[in-house]
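# Architecture at a glance
Listed below, chain by chain, are the residues.
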Amino acid sequence: MKKLVSLAVSLAAALAAPPARATGDFVGVDEAKALAGKPGVRFLFADSEQDFAKGHIPGSGVAFAHDLHLLDDVKACKGLPMCEPRAAKLIGETLGIGPDTEVVVYDGGPGANASGDWFFLTLYGARKVRILDGGLATWKAHGGAVETGTPARVTAKSFTPTVQWGMIATVDEVKRATGDASRYLILDARHNLDEYTGKSLLGALSAPGREENVKRGGAIPGAVFSPWTKYAGNKDGQPDRPTLKDKAELEKQIAKLAKNGYAPGKTVISYCHVGLGRGSFQYLAFREAGHENVKVYIGSWDEWGNDPSLPLAAQP
C-alpha cells in the first residue's frame with residue numbers, strides 16, 4: 001500500500017511539473033522565479049502595452065514584438081528591423097539591457113511574441129536571452145507574483161549592437177530564393193489563410209508612431225503555407241504547456257514539408273507580416289528540430305506587399 005501511495009504521489013507531482021526544456025533558448029518557470037529580482041537580470045514582456053498594464057511579472061519592461069519592426073528602417077538598413085543606432089538606444093536606454101544583462105522574455109503563453117523579442121535582442125548581439133517556457137500563464141500557475149500598471153523607470157545601460165547577420169534574409173536574397181528552389185525553401189508562417197491569399201491587409205509601423213496598412217495582399221512566389229501554429233505546443237496560451245512541440249514532433253512536422261521541397265541542406269527562409277512573431281517562432285522551431293540553416297525575412301509581407309515592383313504568388 002505504501003508503495004502504491006508513493007507511486008501516486010510521484011505521478012501527481014510529475015503531472016503538475018512545468019514543461020521540461022533542454023534547449024538553451026528557453027528557461028523553465030522554477031529557474032525564472034529564482035532569477036526574478038536579481039541584479040543583472042531583466043524580464044521583458046513581449047505582448048502589447050495594454051496587456052502589460054493588466055498584469056506582468058514585477059519589474060518587467062515591455063516591448064511589443066510587432067512594433068519592433070519599422071519598415072523605413074528595414075529598407076534603409078540592409079533588412080534590419082531597426083537601424084543600429086535606434087536599436088542601441090531602445091535596448092540600452094529604454095529597456096535597460098546591457099551587454100551582460102541576463103534577459104528573460106515572455107508573453108501571455110503562446111510564445112510567438114516572445115520569440116519576436118528573443119530574435120530582436122539576439123540579432124543585435126545580446127548574449128544572454130531566453131524565453132520563459134509557457135509564458136505568463138505558467139508563471140501564474142506556479143505562484144509567480146504579478147503586478148499591474150506601467151513599467152517602472154530603469155537605469156539606462158550602454159549597448160553597442162553586434163549584428164548577427166546570418167540570422168536574417170534581405171529582400172534581395174528572398175528575390176534570389178524565389179528563383180532557386182534547389183538551394184532555398186521559403187515558408188509563410190502566417191496562420192491566417194486570408195493573409196496568404198490576399199484577402200486580409202494588416203498594418204505595421206513604418207516609423208515610430210506611424211502605422212500603415214500594407215498596400216497589397218498575397219504571398220511571395222514559391223512560398224509554402226506553413227503556419228507557426230503547426231509547431232506550437234501552447235498556441236492557446238494555457239499553463240504548463242511547452243512553447244514548442246517536442247523535438248520529435250517538430251521533426252515529423254518538418255519532414256512533411258519534403259513534398260513541398262524541403263531538404264536538410266537547403267536554406268529555409270521564414271516570413272510572416274513583420275518577421276518578429278510568427279516568422280521568428282518558426283525560426284525557433286527549426287532550430288529546435290536541428291535545422292541550423294534557417295533565416296527570417298524581417299521585411300516580410302510588410303515590405304514585399306508595399307513594393308509594387310515585386311511579384312505576387314498566383315492564387316488558386
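Scroll up for the structure.
Attention in this report is confined to the structure presented alongside it. Everything numeric here is computed off the predicted structure, so don't read it as measured data. (Residues numbered from 1 in each chain as written. Predicted model: local features only at pLDDT ≥ 70, side-chain atom pairs only at ≥ 80, totals over all residues. Heavy atoms only, no water.)

## Let's talk about the overall build of the protein chain
A count of helices and strands for the protein chain gives twelve helices and eleven strands. Computed over its C-alpha atoms, the radius of gyration of the protein chain comes to 20 Å, within 12% of the 20 Å expected for a compact globule of 316 residues. Taking the principal axes of its C-alpha atoms as reference, the protein chain extends roughly 70 × 50 × 30 Å. In the protein chain, which comprises 316 residues, the proportion classed as buried is 53%. Pairs at least 24 residues apart make up 77% of the contacts formed inside the protein chain by residues separated by at least 6 positions. Charge centroids of the protein chain, computed over 37 positive and 35 negative side chains, lie 3 Å from each other. (Helix = DSSP H or I, 4+ residues; strand = E, 2+ residues; numbered from the N terminus. Rg over C-alpha atoms; globule rule 2.2 N^0.38 Å. Buried < 20%, exposed > 50% of the residue type's maximum accessible area, 1.4 Å probe, protein only. Contact = heavy atoms within 4.5 Å. Lys, Arg positive; Asp, Glu negative; His and termini not counted. Charge placed at Lys NZ, Arg CZ, Asp CG, Glu CD.)

## Some details on the sheet that holds strand β6 (residues 184-188)
Two orientations exist for strands paired in a sheet by backbone hydrogen bonds: parallel and antiparallel. Here we have four strands laid out as an open sheet, ordered β9-β6-β10-β11, and parallel in their pairing. Of all the strands in the sheet, the pair left with one neighbour each is β9 (224-225) and β11 (294-296). Relative to β9, β6 is paired through two bridges, and the arrangement is parallel. Residue Asp188 lies in a different strand from β9, and its bridge partner there is Phe225. Here helix α11 (residues 278-288) sits on the sheet and contacts β6, β10 (267-271) and β11; the angle it forms with β11, its principal contact strand, is near 170°. (Pairing = 2+ DSSP bridges. Axes fitted to C-alpha atoms, helices over the stretch in contact; angles between N-to-C directions.)

## Some points on the pattern of salt bridges
Where side chains of opposite charge bring their charged atoms close, a pairing between them can arise. Tallying each qualifying case throughout the model produces 14 salt bridges. Across the pair Arg287 and Asp25 runs a salt bridge, and its minimum N-O distance is 3.1 Å. Linking Arg287 in helix α11 with Asp25 in the loop between α1 (2-16) and β1 (26-27), this pair joins segments that are 262 residues apart in sequence. On the basis of relative accessibility, which here comes to 26%, the residue Arg287 falls in the partly exposed class. You can call Asp25 buried: its relative accessible area is 10%. (Salt bridge = Lys/Arg side-chain N within 4 Å of Asp/Glu carboxyl O.)

## What about the environment of Ile91?
On the secondary structure map, Ile91 appears in helix α5 (residues 84-94). Owing to a relative accessible area of 0%, Ile91 belongs among the buried residues under this scheme. Each C-alpha atom of the pair Ile91 and Pro161 lies 9.2 Å from the other, and the pair is 70 residues apart in sequence. Once you skip the residues sitting within four places of it in the chain, Ile91 turns out to touch Gly96, Ile97, Phe120, Leu121, Tyr124 and Phe159.

## Quick look at the packing of helix α6 (residues 112-123) against α11
Where α6 contacts α11, the two axes come as close as 7 Å, and the packing angle between them is 80°. In terms of orientation, α6 and α11 fall into the roughly perpendicular class. On the side of α6, the interface is formed by Ala112, Ser115, Gly116, Trp118 and Phe119, while α11 contributes Arg278, Ser280, Phe281, Tyr283, Leu284 and Arg287. Here the contact of α6 with α11 is composed, by residue class, of six nonpolar, three polar and two charged. (Parallel < 35°, antiparallel > 145°, perpendicular 65-115°, else oblique. Nonpolar A, V, L, I, M, F, W, Y, C, P; charged D, E, K, R; others polar.)

## A few points about the pairing of β6
Taking burial as the measure, the five residues of β6 include five buried ones, the bulk of the element. Burial along β6 is two-sided: Tyr184, Ile186 and Asp188 and Leu185 and Leu187, pointing in opposite directions, are all buried. For β6 and β10, the ladder comprises five bridges, and the chain directions are parallel. Following the sheet pairing, Leu185 is matched in β10 by Val268.

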